[in-house]
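One-letter residues, chain by chain:
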Amino acid sequence: EQPPAPRRFERPSESEGWTADEGTQRDALWKVLSDTAKTELKRDDLLFLRLVRGFRRADAERKRSIVEEVTTLRARYRTTPEPPLGGSLSPTDFHRAIWPTEIVGRDPWGHLIVVERVKDVDFDRLLEMPIDAVLRLRVQALDALQRLSAQKRKRGPHRVYKCVFVCDCEDASYAALARRETVSLASAYARLTERMYADAVWRNVVIDAPLVARAAWRVVEPILDAETRELLQFVVCGGADPAAALEEVGVPRRAFPRTARGIALADVIAGGEEEASEKLDAMDARAAP
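Definitions and cut-offs
- Residue numbering note: each chain is counted from 1, following its sequence as written.
- Side-chain atom pairs in this predicted model are given and counted only at pLDDT of 80 or more, local residue features only at pLDDT of at least 70, and totals for whole chains, interfaces and linings cover all residues.
- Calculated side-chain values reflect all of the structure's heavy atoms, with hydrogen atoms and water omitted.
- Two kinds of site are reported from a 1 Å grid over the protein atoms alone, namely cavities, where a 1.4 Å probe fits but cannot get out, and pockets, open sets with protein on both sides within 12 Å along at least five of seven lines, and residues are called lining when an atom falls within 4 Å of a point.
- Grid points are joined across faces, edges and corners, and a volume is the space filled by probe spheres set on the points.
- A pair of aromatic rings is counted whenever rings of Phe, Tyr or Trp (Trp by its six-membered ring) have centres within 6.5 Å, and the orientation is called stacked for planes under 30 degrees apart, edge-to-face for over 60 and tilted otherwise.
- Only runs of H or I of at least four residues qualify as helices and only runs of E of at least two qualify as strands under DSSP, and these elements are numbered from the N terminus.
- In our convention, an over-ring charge means Lys NZ or Arg CZ found within 6 Å of a ring centre and within 35 degrees of that ring's normal.
- One less than the residue count of a helix, multiplied by 1.5 Å, gives the span that helix is expected to have.
- Buried means the residue's accessible area, taken with a 1.4 Å probe over protein chains only, is under 20% of the maximum for its type, while exposed means over 50%, and partly exposed covers the values in between.
- Any pair of residues with heavy atoms lying within 4.5 Å of one another is described as a contacting pair.
- Strand pairing follows a simple DSSP-based rule, namely that at least 2 bridges must link the two strands.

Draft legend 1. Expanded view of empty space enclosed by the protein. Within this structure, the stated rule accounts for one cavity of 30 Å³ or more. Quantified by volume, the largest cavity comes out at close to 30 Å³. Surrounding the largest cavity, D107, W109, V164, W202, R203, V249, G250 and V251 form its lining.

Here is the structure:
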């Protein structure tokens, strides 16, 4: 059976509900939130919990401001029509052909291992789209991961809501990554995920990042706090055993993204989280001792 993930950096484990201190913060926040925020948080208690945990060090006013921003955006995405995506492109088409994403398994604690390969991203079509339309589609994707995480697992009864995100830069085009439009989209996406999906990441793993990115990381890594260094790992998958480097950062050999056959996130978005969970259970069963 997969054990509950351990506590890290003084945060409660995912398997724990509201602690007494978090409950106090929640009740204080509730008194100063708008009706829109309250409506959204009533729909999604886990969102409220993640926001409180993710911004536990923020002062009361900044925390209130972030909660209002996140819930206002959620309400707008939920209640307004989706913008046209061009031609007959559907949300599932986007996540299958333009920004493909796969789930290749679970880690030892039950976290989904989510893989995105930079070489598979269609940057020409992606960067033609309005940033807000892309962000809305990525919210659909990340919400689908939350629903899949919430599915009952055969090898672990405890709650899991964090994911391991793996970005594989093998054969990536540095020219595409360095474009001004790419940087603008990446900045907007980083802000969205930092806030709306606070406390939803177990680890970010970047494989074979461009040399300039690894050099920049080596410069800033020593001045970062331990929590940030733990959340972001750069690995090089070379040599005779390329999967070994990923094993060292918690990605099992069976989930090595260059050989594992994954589940398309597009299928989960289309409502297939139950079937996807069964497939993941089967992967876990094959890997069980």
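What follows continues from the structure just given.
Draft legend 2. Fine view of the packing of aromatic side chains. Applying the stated criterion across every chain, the model contains six aromatic pairs. Ring geometry for W30 against F48: centres 6.1 Å apart, planes inclined by 35°, an arrangement best described as tilted. Of this pair, W30 sits in helix 1 (residues 20-30) while F48 sits in helix 3 (residues 45-54), and the two are 18 residues apart along the sequence. Pairwise contacts between aromatic rings join W18, W30 and F48 into one cluster. Across from the ring centre of W18, 4.8 Å away, lies the NZ or CZ of R26, which sits over that ring. We note R138 situated over the ring of W99; from NZ or CZ to the ring centre the distance is 4.0 Å.

Draft legend 3. Structural detail: helix 9 (residues 180-196). Taking 1.5 Å of rise per residue, 17 residues should cover 24 Å, and helix 9 covers 24 Å from first to last C-alpha, within 8% of that figure. If you check which residues of helix 9 are buried, you get T182, L185, Y189, L192, R195 and M196. Among the structural elements, helix 3, helix 4 (60-79), helix 6 (123-126), helix 7 (131-150) and helix 8 (174-177) are those in contact with the buried residues of helix 9.

Draft legend 4. Spatial organisation of the sheet that holds strand 2 (residues 112-117). If you trace the six strands from one edge of the open sheet to the other, you get 5-4-3-2-1-6, paired in mixed fashion. Of all strands in the sheet, those bounded by a partner on one side alone are strand 5 (232-235) and strand 6 (263-264). Sheet analysis places strand 3 (residues 163-168) next to strand 4 (residues 201-207), joined by six bridges and oriented parallel. The partner of C167 across the bridge, within strand 4, is V206.

Draft legend 5. Geometry of the pairing of strand 4. Burial analysis of strand 4 places five of its seven residues in the buried class, the great majority of the element. Of the pairings in the sheet, the one linking strand 4 to strand 5 comprises four bridges and is parallel in character. Residue pairing for strand 5: N204 is matched across the bridge by L232.

So, to be careful, I would describe these as geometric facts and stop short of saying anything about function.
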